[in-house]
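One letter stands for each residue in the lines below.
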Amino acid sequence: MSELASSFTILWASQTGNAEWIAKNIFSEAKQRGYSGECYAMEEWEKAQLDKVRVLISVVSNTGDGDPPDHSLKFWRYLRRLKQPDYFKDCKIAILGLGDTNYTNFNNTARKLEKRLKDMGATVFHEKGLADDAEGLESVVDPWIEKLWEVLPTVLEKKGDVKEDDKATTKDNNVETVTEKMSKVDINPYSGNARSSEIAPSVDKYLDLPNSLVKKPTLHLGHVLQLDWSGLQPGVQLSGFPRLPASGAKLTRLEGKQRSKDTLPSIDCVVTPTPVTHASVTRVRCLTTHDALKRTLHLVLDVGDQLEFEPGDAFGVIAPNDESLVEELLNVLAPSTTEAYEALYAVEGDSLPTHLSKATSVTLSDLFRYAVDITTPPRKALLRLLADYTSDPQEKSKLMYLCSKQGASQFSSLREQVPTLLDILKTFPSCKPSIERLLDALPAHMPRYYSVANSPLKYPGQVHFAFNVIDYTTTYNVPRKGVATPWLDRLTGYVAARTHDKPDPVSIDIPPSTLTVPIFKKHNSNGFVLPVDTKRPLVLIGPGTGIAPFVGFLEHRQKQRDIRKSMGGVGVHPSRDIQNEFGDIWVYYGFREQAKDYLFEQELKTLQKDGTITELRLAASREQASGKVYVQDLLRQDAARLYDLILNQDAAIYVCGDAKGMAKGVNDALAEMLVQHHQLDIVEANKLLVEWMQSRKYLRDLWA
């Protein structure tokens, strides 16, 4: 057998599109460097013929608290079924993980994958990279890929030479030479490609004449980014540039086809793991007062018999990017209003990203509404691409500086400002990128996921959910807002907030089919559902909107008890016998101030009164009388009783909410309980908690 492999295989698993984008760019560059190979999603593992693969490169992300992406679950089942300890004995592996240190099980998927492959004989030829989205993925991803090109020749033979145009070099990359080189990029305003975004200098002077029929693109929205350019001095050497995103997307005009101006926006291009249902919004209410820190809405959707849910499930909402943001971007990027909103295109190309795979008859506005993310802070590769489409030499230099090693601090400052694509174009006004190349570089526009907050036994044919409307001002005094939550708030008419004198929120009923929201069911891969055994006690921990799925849990147990009671008993004490069929439920719920943001207050009080909730423990973090109290503080107060419930009565623990602060605090409190009452040291205690997670005794549904 030859010492060097003749080809490589890339397997990727992606939840939000980042891992897919990185994997396909590695694949594209590998081909340019003269290597031969294939690139597959993990769900296509059978096509890869893994028993014959000798060089395997894997890029994997995580979802939730270290769980593998949804589409890779079949691959993991396949790996678990494999029993041959030498199955991968001839395989050399390199693994890149994308994770987030806000979650306890940081990069768990990458770690597990490497261990499993090594257990079956694989050899690591390039140390795994564990990128952290909390700090910026590029700080690990870019060096890991650069090192990959250094070590790949030790395991893989080349089929050809590197194309001269594709060689990455940092030689003579000072401010002057970078600007000089980039000034040679062809953005000739008279070329066919440039006419859609550039105005010829000879025409520009006539645009401001009275009654001019030629429109000059202007940006009325957006914010200029606040950045420090003092490090960008003449002669400074710039290095560590990211490679340009692989060129793949091509927009093909569908001749003779056009969409009417009055046609509603289409979501046909959106890729979802399960079928889409257009659910009617039938009720909305605001659960918080006008002076609460956050505005929290509770919506009811009518799904009829189209979707089946159980408490603990989640669903995705397909929400568009903000229309004013889309309109402003297309005002600059598209040749005309007709081209933006009426002309139909097909997105074609080899190895298209998943989120563009269904874009076979779309308008440009469809793509910017539903296909690409225009609000997430940019990757360095996007800035590098934008520099190639920037005509002003100083602006080019600044963009190159931001994506260089020397500009790392200012790139971090840029990310802190959470800029939209529009903000970047406003900061660098001579930048006029092509839409095709933006499709190559922009990440996927993702659905927003919400937990089901009701029981189908109590509300058949309905889905309830609660969410905070994301609308805030950054430390740079720039207003920012979310994508889905402000859209849902606007769609439902900005319902009035709850008043202090009336604890029950005002419900607004909406006639069926008046408002619809496109949704789809999310695979419940982590088993965050009620145990089948109703006798098993539960500990439910959910501050803020983390209480929402537990309202569904509690309603389900309430209705199960009612059904059991309706069946009657046969013993001497039927009521007691029926009660013994249901285990205790302890609820730990936290809010800032009871008068302002106690969500589902009346529902929880009713559930406590009828005995569904055994213990309702409330933590108020901003009430002056009691000081700051968090749910983890209550867990510590109840440690002895909780120990008995969890260890002696086998209670299941559920945690829902913020991964960054609350989840870690809860985990620490549980570990301390085990140290104090189970006579373990802190390392052993945390190891036991991990075992509980693996056995699904301790389940967490977290978000960063």
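Computed from a predicted model, the values in this text were never measured in an experiment.

S.K.: For this particular structure, what's the right way to read the packing of aromatic side chains?
M.R.: Any pair of aromatic rings gets described here by the distance separating the centres and the angle formed by the planes. For the coordinates displayed, the defined rule picks out 22 aromatic pairs. When the centroid spacing of 4.9 Å and the interplanar angle of 75 degrees are considered together, the rings of Y87 and F88 count as edge-to-face. Each member of the pair, Y87 as well as F88, carries the same accessibility label: buried. On the basis of an interplanar angle of 45 degrees and a centroid distance of 5.3 Å, the ring pair of Y450 and F465 is categorised as tilted. Note that Y450 is positioned in strand 11 (residues 448-451) and F465 in strand 12 (residues 462-468), a separation of 15 residues in sequence. Pair check on accessibility: Y450 and F465 agree, each one buried.

S.K.: Explain the sheet that holds strand 5 (residues 123-132) to me, please; I cannot follow it from the model alone.
M.R.: Strands pair in a sheet through their backbones, by hydrogen bonds, and they do so in one of two ways: parallel or antiparallel. Read across the open sheet, the 5 strands follow the order 2-1-3-4-5; overall the sheet is parallel. Edge positions in the sheet fall to strand 2 (37-41) and strand 5, since each has one partner strand and no second. If you compare each strand with its neighbour and ignore which way they point, the axes differ by 10 degrees on average. Alignment of strand 3 (residues 55-61) against strand 4 (residues 92-99), held across 7 bridges, turns out to be parallel. Note that in strand 4 the partner of V59 across the bridge is L96. Contacting strand 1 (8-13), strand 2, strand 3 and strand 4, helix 1 (residues 18-32) crosses the sheet at an angle of about 165 degrees to strand 1. Set on the sheet, helix 4 (residues 108-119) makes contact with strand 3, strand 4 and strand 5; between it and strand 4 the angle comes to about 165 degrees.

S.K.: Could you clarify how one ought to interpret helix 16 (residues 484-491) in this entry?
M.R.: Across the 8 residues of helix 16, 6 count as buried, placing the element largely inside the fold. Listed in full, the buried residues belonging to helix 16 are A484, T485, P486, W487, L488 and D489. Contact partners of the buried residues in helix 16: strand 8 (296-302), strand 9 (314-317), strand 11, strand 12, strand 14 (479-481) and strand 16 (516-521). Positive backbone phi, approximately 85 degrees, marks G493, located one or two places after helix 16.

S.K.: What is the right way to look at the pattern of salt bridges in this model?
M.R.: Oppositely charged side chains can form a pair if their charged atoms are brought close together. Enumeration over the complete set of coordinates arrives at 35 salt bridges. Close ionic contact of D90 with K89 constitutes a salt bridge, the shortest N to O distance being 3.3 Å. A residue is classified by how much of its surface remains accessible, and D90, at 34% relative accessible area, is partly exposed. Connected through shared salt-bridge partners, E615, R617, D638 and R641 make up one network.

S.K.: Mind showing me how you'd approach the environment of Y698 here?
M.R.: One can find Y698 in strand 21 (residues 698-703). Once the C-alpha coordinates of Y698 and A652 are considered, the two residues, 46 residues apart in sequence, prove to be 6.1 Å apart. Side chain to side chain, Y698 and N667 meet in a polar contact 2.8 Å long.

S.K.: I keep staring at the packing of helix 8 (residues 323-333) against helix 10 (residues 364-371) and nothing clicks. Help me out?
M.R.: The description of two packed helices rests on the angle between their axes and on the distance between the axes. Packing of helix 8 against helix 10 brings their axes to within 10 Å, and their N-to-C directions diverge by 135 degrees. Relative to helix 10, the element helix 8 lies oblique. When the axes of helix 8 and helix 10 are compared, the crossing they make is right-handed. Residue-level inspection shows E323, V326, L329, L330 and L333 of helix 8 in contact with helix 10, the latter providing L364, S365, F368 and R369.

S.K.: Even after reading the chapter, I still don't get the sheet that holds strand 20 (residues 652-658), so can you show me in this structure?
M.R.: In space, the 5 strands of this open sheet follow the order 19-18-17-20-21, with parallel pairing throughout. Each of the sheet's edge strands pairs with one partner strand only, and the pair in question is strand 19 (615-620) and strand 21. Taken pair by pair, the neighbouring strands of this sheet meet at an average axis angle of 10 degrees, ignoring direction. Sheet topology note: the strand 17 (residues 538-541)/strand 18 (residues 585-591) ladder contains 4 bridges and is parallel. If you follow L540 over to strand 18, its bridge partner there is V587.

S.K.: Any chance you could explain the nonpolar core here in plain terms?
M.R.: Side chains of nonpolar character tend, in soluble globular proteins, to be buried together. Core analysis: the biggest nonpolar cluster contains 56 residues, and L329, V347, L367, F368, I374, L383 and L439 have the highest contact counts within it. Among the secondary structure elements, those contributing two or more residues to this core are helix 8, strand 10 (343-348), helix 10, helix 11 (380-388), helix 12 (393-402), helix 13 (408-416), helix 14 (421-427) and helix 15 (435-441). Among all residues touching L383, those that are not within four sequence positions of it are P378, L399, L402, C403, F411, L414 and I424.

S.K.: I keep staring at the side chain of R285 and nothing clicks. Help me out?
M.R.: One can find R285 in strand 7 (residues 277-286). Residue classification places R285 among the buried positions, given a relative accessible area of 8%. Among the polar contacts listed, one links the side chain of R285 to the side chain of H298, at a separation of 2.8 Å. There is a polar contact of 2.5 Å between the side chain of R285 and the side chain of E603.

S.K.: Can you walk me through unusual backbone geometry in this structure?
M.R.: Residue F600 is not a glycine yet carries a positive backbone phi of 55 degrees. Phi at R696 is positive, roughly 65 degrees, even though this residue is not glycine.

S.K.: Help me understand empty space enclosed by the protein, please; the structure alone is not making it clear to me.
M.R.: A probe matching the size of a water molecule, rolled over the atoms, marks out where space remains unfilled. Counted under the stated rule, the structure contains 4 cavities of 30 Å³ or more. Along the walls of the largest cavity sit R285, L287, R498, P503, D504, P505, Y598, L599, F600, E601, Q602 and E603, which together make up its complete lining. With 3 residues, the top contributor of residues to the lining of the largest cavity is helix 20 (residues 601-609). Classifying every residue of the lining of the largest cavity by side-chain character gives 6 nonpolar, 1 polar and 5 charged. For the lining of the largest cavity, the domains that each give at least three residues are domain 3 (277-318 + 446-522) and domain 4 (538-702).

Calculation notes
- Residues numbered from 1 in each chain as written.
- Predicted model: local features only at pLDDT ≥ 70, side-chain atom pairs only at ≥ 80, totals over all residues.
- Heavy atoms only, no water.
- Phe/Tyr/Trp six-rings, centres within 6.5 Å; stacked < 30°, edge-to-face > 60°.
- Buried < 20%, exposed > 50% of the residue type's maximum accessible area, 1.4 Å probe, protein only.
- Helix = DSSP H or I, 4+ residues; strand = E, 2+ residues; numbered from the N terminus.
- Pairing = 2+ DSSP bridges.
- Axes fitted to C-alpha atoms, helices over the stretch in contact; angles between N-to-C directions.
- Contact = heavy atoms within 4.5 Å.
- Salt bridge = Lys/Arg side-chain N within 4 Å of Asp/Glu carboxyl O.
- Polar contact = N/O pair within 3.5 Å; in protein donor to acceptor, adjacent residues only side chain to side chain.
- Parallel < 35°, antiparallel > 145°, perpendicular 65-115°, else oblique.
- Left-handed = near helix turned anticlockwise from the far one by under 90°.
- Core = buried A, V, L, I, M, F, W, Y, C linked by side-chain atoms within 4.5 Å.
- 1 Å grid on protein atoms, 1.4 Å probe; cavity = no way out; pocket = protein on both sides within 12 Å on 5 of 7 lines; lining within 4 Å.
- Points joined across faces, edges and corners; volume = space filled by probe spheres on them.
- Nonpolar A, V, L, I, M, F, W, Y, C, P; charged D, E, K, R; others polar.
- Domains from an automatic or database assignment.

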